[in-house]
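Survey of secondary and tertiary structure
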Amino acid sequence: ILSTSCSTEDDVNVTPTQEDFFNLNVGNTWVYKRYNFELGNPTTYTFSGITDNVEIVENVSLNGVSFSKLKHTKTHSNNSEQSIEFEYLRVNSSGHLIGFYASQYDLETIDENSGQVYHPGTDFNFGITVEFPYGSLNYSLYPQENIIVENNNYSVLPFKGVFTPSSSELESKTVESNYQSQIGLVKTVSHLVSGPYGWEDRLISYNIGD
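Residues numbered from 1 in each chain as written. Predicted model: local features only at pLDDT ≥ 70, side-chain atom pairs only at ≥ 80, totals over all residues. Heavy atoms only, no water.

1. So, the layout of surface pockets
Here is the rule: Only protein atoms enter the 1 Å grid used here. Points where a 1.4 Å probe fits but cannot escape make up a cavity, open sets with protein on both sides within 12 Å along at least five of seven lines make up a pocket, and a residue lines them when an atom lies within 4 Å of a point. Grid points are joined across faces, edges and corners, and a volume is the space filled by probe spheres set on the points. When residues are sorted by character, Ala, Val, Leu, Ile, Met, Phe, Trp, Tyr, Cys and Pro go into the nonpolar class, Asp, Glu, Lys and Arg into the charged class, and all the rest, Gly among them, into the polar class.
In this structure, the second largest pocket spans a volume of roughly 160 Å³. In this structure, the second largest pocket is lined by twelve residues; those nearest its centre are Glu171, Lys173, Gly195, Pro196 and Tyr197. When the residues that make up the lining of the second largest pocket are grouped by side-chain class, the tally is six nonpolar, three polar and three charged.

So, in structure tokens, the structure goes:
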């Protein structure tokens, strides 16, 4: 699976503009729907039935490192199933959004290097290459662009990973994570490495506090 989380990193100095990009206030909520690529037609999307209700429920300290704790409540319209997951986010001193899910780590071992870069904020100097046995994924921040998601206009900074396969049997693909300043994640695009399947998570609504 190709997704937009890419790497851990060390902290460096940050400008105020970078710090102001993300809004991680307790009580903030976002609602996302997942859309799958139509089989045989990767330009057509259909709603998967999955809705993700996200809320920042509290600020926590894990071994002295401060995080915002997010609760994901996912429902599936096809079978009424519901699942709950917890995610932890923080903005490091580089102005980069760092995160991980509770299932990925032993919370008692968390330190400054735990988690992955979800988005570098306004840091156009940030870039990283992730090597896989089947190719490489090169991440960088792209210039601001306007996109329409669920009939709403957003001005986002896309953080994209371009996959270059090491085998002619695989295709080059691009994953992306689109964030708008002070609103947060607007849309992601993900792919399977092999095969035509891919999906988008799209922002449906949000409630952001100052």
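2. Examining the nonpolar core
What counts, and what does not: Joining through side-chain atoms within 4.5 Å is the link that ties buried Ala, Val, Leu, Ile, Met, Phe, Trp, Tyr and Cys residues into a set, and such a set is a nonpolar core. Throughout, exposure labels follow a simple rule: accessible area from a 1.4 Å probe, protein chains only, divided by the maximum for the residue type, with under 20% read as buried, over 50% as exposed, and the rest as partly exposed. Only DSSP runs of H or I reaching four residues or more are called helices, and only runs of E reaching two or more are called strands; each is numbered from the N terminus.
Core analysis: the largest hydrophobic core is formed by 31 residues, its most contacted members being Tyr154, Tyr179, Val186 and Leu203. The biggest single contributor to this core is strand β10 (residues 152-165), with five residues. Within the second largest apolar cluster, seven residues are counted, among which are Leu62, Val65, Phe67 and Ile110.

3. Let's talk about the pattern of salt bridges
Put simply, the rule is: By definition, a salt bridge exists where a carboxyl oxygen of Asp or Glu is found within 4 Å of a side-chain nitrogen of Lys or Arg.
The full count for this structure, using the stated rule, is seven salt bridges. Between arginine 202 and glutamate 200 there is a salt bridge, with the nearest N and O atoms lying 2.9 Å from each other. Here arginine 202 matches glutamate 200 in class, with each residue buried. Salt bridges here are not isolated pairs; linked through shared partners, they connect Glu150, Lys187, Glu200 and Arg202.

Without other data, these values stay purely geometric and don't point to any function.
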